[in-house]
Amino acid sequence: MQPTDSDDGVLKFPILIGDIGGTNARFAILLDSYAEPKEFPTVQTADFPNIDDAIQSAILDRTSIQPRSALLAVAGPVESDEIELTNCNWVVRPKGMASGLGLEDIVVLNDFEAQALSVVALGEDQMEKIGGTAAEDGASRVILGPGTGLGVAGLIHACHRWIPVPGEGGHMDIGPRTPRDFEVFPHLERIEGRLSGEQLLCGRGLVNIYRAVAMADGKTAGLATPAEITGAGLEKSDPIAVEALSMFVACLGRTAGDLALVFMSRGGVYLTGGIAQKIVPALKSGAFRAAFEDKAPHSDLLRAMPAYVITNPRGAVAGLAAYARTPARFGVSTHGRRWKSG
């Protein structure tokens, strides 16, 4: 099996679909272009030494269906025959996976390409709207996902196709905006002196904000995990958690607004991932939209742009399935990211 320049996107059914994040891996099998994906329970990446063992144990050992192809989205850059995940110790080796799991064709995409594809695969009944007017058909979109890390992608429509634009936007610099920010930000943990979006807008980023708020006020940080801080913030049982969650939401709105300007996303900004789904009440409280729209001289433009939380936790799987069914609908390049036998 060698990397191929074949870029038609057509895969042979049945197709194994995988959405591999830093913490969770979600799998399904698509029997044909008309079938709904046959889904399997979500697995924790920490429970398996590698992706091949996870697929064998959690999928292939539990079904009589033998996939011929695989379409995988992974949280990391796809640049070689050994694909390292950014926030997980798994390494995807398509050549070994093909021989070990009996696959003829493997395509590996970035995880936020899959999230971008989901935006046009899911209906509005699988989203929660947060302000703005109606999304314009065919207009650009932005996908932003605070989770184990901070994922960012764009989605543009050109030449009758939806084209995902992946990148590492989660590592853009982020700075203070309000007087309170200037009090708290000096206490935030940095990486080599830098304060990027991912140092605030993900699970560990929420913990980082919580600790910084406590230090700014000379108080003790009594909570340790994102779930504890989120829960206490929503329940208003811990004043430090309440402020940390509010600052998280404001910084998320600010970053989402910046990206909306970059992509001129009149088609909407879409928040995905477990954190966004858990904090919908906080996102609808007003702080997100206020920060999102605080973009003078373009505040009127931002006020019209809608934002959504994708509430389907398997949205990326739906996006991959949509691409697998009708690849011609999407402008996804598989150059250097496809391995075929023969």
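Residues numbered from 1 in each chain as written. Predicted model: local features only at pLDDT ≥ 70, side-chain atom pairs only at ≥ 80, totals over all residues. Heavy atoms only, no water.

(A) Molecular detail of the pairing of strand 3 (residues 24-30). With respect to burial, strand 3 is a largely interior element, six of its seven residues being buried. Note that strand 2 (residues 15-20) and strand 3 share six bridges and pair antiparallel. Considered in strand 3, the bridge of Ile 20 is made with Ala 25. Hairpin connection of strand 2 to strand 3: three residues between the antiparallel strands. As paired elements, strand 3 and strand 5 (residues 43-44) share two bridges and run antiparallel to each other. (Buried < 20%, exposed > 50% of the residue type's maximum accessible area, 1.4 Å probe, protein only. Helix = DSSP H or I, 4+ residues; strand = E, 2+ residues; numbered from the N terminus. Pairing = 2+ DSSP bridges.)

(B) Expanded view of helix 2 (residues 94-101). Taken as a whole, helix 2 has its buried residues at Pro 94, Met 97, Ala 98 and Leu 101. Burial along helix 2 is one-sided: seen end-on, the buried residues are contained in an arc of 100 degrees. Exposed side chains of helix 2 directed beyond 90 degrees from the buried face belong to Ser 99 and Gly 100. Positive backbone phi, approximately 75 degrees, marks Gly 102, located one or two places after helix 2. (Arc of directions from axis to C-beta.)

(C) Here's a closer look at the sheet that holds strand 11 (residues 141-146). If you walk across this open sheet you meet the six strands as 10-15-14-11-12-13, and the pairing is mixed. The sheet is open, and its two borders are formed by strand 10 (127-129) and strand 13 (161-166), each paired with just one other strand. Recorded for the sheet is a direction-independent mean angle of 25 degrees between the axes of neighbouring strands. Strand direction decides the pairing type here: strand 11 and strand 14 (residues 269-271), joined by three bridges, are parallel. (Axes fitted to C-alpha atoms, helices over the stretch in contact; angles between N-to-C directions.)

(D) Examining helix 7 (residues 239-263) more closely. Helix length check: helix 7, at 25 residues, gives a terminal C-alpha distance of 36 Å against a target of 36 Å (1.5 Å per residue), a fit within 8%. Among the 25 residues in helix 7, 18 count as buried, and that is most of the element. If you check the start of helix 7, you find a side-chain oxygen 2.8 Å away from the backbone N of Ile 240, and it comes from Asp 238. A positive backbone phi angle near 45 degrees is found at Met 264, which sits one or two residues after helix 7. (Expected span 1.5 Å × (residues − 1). Polar contact = N/O pair within 3.5 Å; in protein donor to acceptor, adjacent residues only side chain to side chain.)

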